[in-house]
Amino acid sequence: MVVQAKKRELKEAQRRKKQLEERCRLEESIGNAVLTWNNEILPNWETMWCSRKVRDLWWQGIPPSVRGKVWSLAIGNELNITHELFDICLARAKERWRCFSTGGSEVENEDAGFSAADREASLELIKLDISRTFPNLCIFQQGGPYHDMLHSILGAYTCYRPDVGYVQGMSFIAAVLILNLDTADAFIAFSNLLNKPCQMAFFRVDHGLMLTYFAAFEVFFEENLPKLFAHFKKNNLTPDIYLIDWIFTLYSKSLPLDLACRVWDVFCRDGEQFLFRTALGLLKLFEDILTHMDFIHIAQFLTRLPEDLPAEELFASIATVQMQSRNKKWAQVLTALQKDSREMEKGSPSLRH
């Protein structure tokens, strides 16, 4: 018994030593990456960001200390939003909150065409959604250190884009940005991110365009995972059942936060196609499990993914996904399907040839 106990102790000591060595290697690797980003890449962003070296480094995950800066540069600011514009929108939002809290009904000229009921519904939904945003972290809820920042960004956005308003799921995107950027820069990144074609299609609930995105996804689904694709078809499991939640929150609600940030890293590099490539990576990772499930169990599994999902396993799975079908890349397939839907009445689907 003494010998066995000593063996166990030795084995445990070896395990702890290995863990410590791995942690040291990881810390050293992150430290080196931070130096590379700060000293080489960020000062020469325009010439270096698309180089092979930077793309490879990007895939490994951006160090948290430079992540916000890299995301801001990668997302860009095509809308030319300034800190001053954010202050104006925030002031307008605060005035609106004051009016509703005191029962006022003043309608600002800028909001003409948007009813008081619509605006009040947006404010109520923001309040409700903030309470459900990363509840385990306890930092965005009432009284938490980031509650006011999140409330400010979402409120300011409804004033900046009253035509879009607040849509459920936006709070998760804003929250991830707040964890990596200051308030004004997070608002700039948030507004520009939501202005991208895919996000705008989903948040404005453009059913036709959403269906086109789902159809494009299925082209690559069948190409990469034909057996699982056939199994899903047999069970009438359509992409909207699991993709909507993943796309709406950019995986921040579906994956562990650290892993979601890794997905965001490459999404900022590769654009919308990486969101769908990640979906295929997830399906491929769990293919063996999913092929033995029925409709209900597949839907339950994909809408509540395992919490201990290993990052390296997921990214290894994503890396094997080919975003090319019949020599057409994602953007080409999507464009062809959009053209196809417009020409359907003429009877000349563009993907037949």
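Residues numbered from 1 in each chain as written. Predicted model: local features only at pLDDT ≥ 70, side-chain atom pairs only at ≥ 80, totals over all residues. Heavy atoms only, no water.

Going by the annotation in an unreviewed UniProt entry, the name recorded for the chain is TBC1 domain family member 14 isoform X7, with Neophocaena asiaeorientalis asiaeorientalis given as the source organism.

Look at helix α11 (residues 207–224) against helix α15 (residues 273–285): their axes get within 10 Å of each other, and the N-to-C directions meet at 40°. Considered as vectors, α11 and α15 are oriented oblique to each other. When you trace α11 past α15, the crossing you get is right-handed. Two secondary-structure elements touch here, α11 through Tyr213, Phe217, Phe220, Phe221 and Asn224 and α15 through Phe276, Ala279, Leu280 and Leu283. Counted by class, the contact of α11 with α15 contains eight nonpolar, one polar and no charged residues. (Axes fitted to C-alpha atoms, helices over the stretch in contact; angles between N-to-C directions. Helix = DSSP H or I, 4+ residues; strand = E, 2+ residues; numbered from the N terminus. Parallel < 35°, antiparallel > 145°, perpendicular 65-115°, else oblique. Left-handed = near helix turned anticlockwise from the far one by under 90°. Contact = heavy atoms within 4.5 Å. Nonpolar A, V, L, I, M, F, W, Y, C, P; charged D, E, K, R; others polar.)

This next bit is on the packing of aromatic side chains. Aromatic ring pairs: the centre-centre distance and the angle between the two ring planes describe each pair. Applying the stated criterion across every chain, the model contains 31 aromatic pairs. Centroid distance tryptophan 45 to tryptophan 49: 6.4 Å. Interplanar angle 20°. Geometry classified as stacked. A centroid spacing of 5.0 Å and a plane angle of 75° characterise the contact between phenylalanine 134 and phenylalanine 172, whose relative ring orientation is edge-to-face. Residue phenylalanine 134 is located in the loop between α6 (116–131) and α7 (147–160), and its partner phenylalanine 172 is located in helix α8 (residues 170–178); the two are separated by 38 residues in the primary sequence. For the pair formed by phenylalanine 134 and phenylalanine 172, the shared burial category is buried. We note arginine 262 situated over the ring of phenylalanine 315; from NZ or CZ to the ring centre the distance is 4.1 Å. (Phe/Tyr/Trp six-rings, centres within 6.5 Å; stacked < 30°, edge-to-face > 60°. Buried < 20%, exposed > 50% of the residue type's maximum accessible area, 1.4 Å probe, protein only. Lys NZ or Arg CZ within 6 Å of the ring centre and 35° of its normal.)

What helix α13 (residues 240–248) keeps buried is the set Tyr242, Leu243, Trp246, Ile247 and Phe248. Looking at the buried residues of α13, the elements they touch are α8, α10 (197–203), α11, α12 (226–234), α15 and α17 (295–303). Two residues or fewer after α13 comes leucine 250, characterised by a positive phi angle close to 50°.

Now for the nonpolar core. Core analysis: the largest hydrophobic core is formed by 111 residues, its most contacted members being Trp37, Leu283 and Leu302. Counting the residues that make up this core, at least three belong to each of domain 1 (83–195) and domain 2 (199–346). (Core = buried A, V, L, I, M, F, W, Y, C linked by side-chain atoms within 4.5 Å. Domains from an automatic or database assignment.)

Our focus in this paragraph is helix α9 (residues 183–194). For α9, which comprises twelve residues, the first-to-last C-alpha distance of 16 Å matches the rise-based estimate of 16 Å (1.5 Å per residue) to within 8%. Within α9, ten of the twelve residues are buried, which leaves the element mostly enclosed by the surrounding structure. Within the sequence span of α9, burial applies to Ala184, Ala186, Phe187, Ile188, Ala189, Phe190, Ser191, Asn192, Leu193 and Leu194. Summarising the contacts, the buried residues of α9 are in contact with α4 (64–75), α5 (83–101), α7, α8, α10 and α14 (257–270). (Expected span 1.5 Å × (residues − 1).)

So, on to the pattern of salt bridges. In this structure the tally under the stated criterion is eleven salt bridges. Of the charged contacts, one joins aspartate 265 and arginine 67 as a salt bridge, the two residues approaching to 2.8 Å between their closest N and O atoms. Note that aspartate 265 is positioned in helix α14 and arginine 67 in helix α4, a separation of 198 residues in sequence. Aspartate 265 sits in the buried class, given a relative accessible area of 0%. For the salt bridge of aspartate 270 with arginine 269, the shortest nitrogen-to-oxygen distance reads 2.7 Å. Across this residue pair, the class does not change: aspartate 270 and arginine 269 are buried. When salt bridges with common partners are traced through the structure, they connect Arg55, Arg269 and Asp270 into a single cluster. (Salt bridge = Lys/Arg side-chain N within 4 Å of Asp/Glu carboxyl O.)

This part covers the packing of α14 against α15. Remark: α14 packs on α15, axes separated minimally by 8 Å, with the N-to-C direction vectors making an angle of 135°. When the axes of α14 and α15 are compared, the pair comes out oblique. On the side of α14, the interface is formed by Val263, Val266, Phe267 and Asp270, while α15 contributes Gln273, Phe274, Leu275 and Thr278. Among the residues forming the contact of α14 with α15, the class breakdown is five nonpolar, two polar and one charged.

Our focus in this paragraph is the environment of leucine 282. Looking at the secondary structure, you find leucine 282 in helix α15. Looking at leucine 282, the relative accessible area reads 0%, which means it is buried. Measuring from C-alpha to C-alpha, the distance between leucine 282 and leucine 305 comes to 9.3 Å, with 23 residues separating the pair along the chain. Look past the residues within four positions of leucine 282 in its chain and what remains in contact with it is Trp246, Tyr251, Leu255, Leu305, Leu309 and Leu314.

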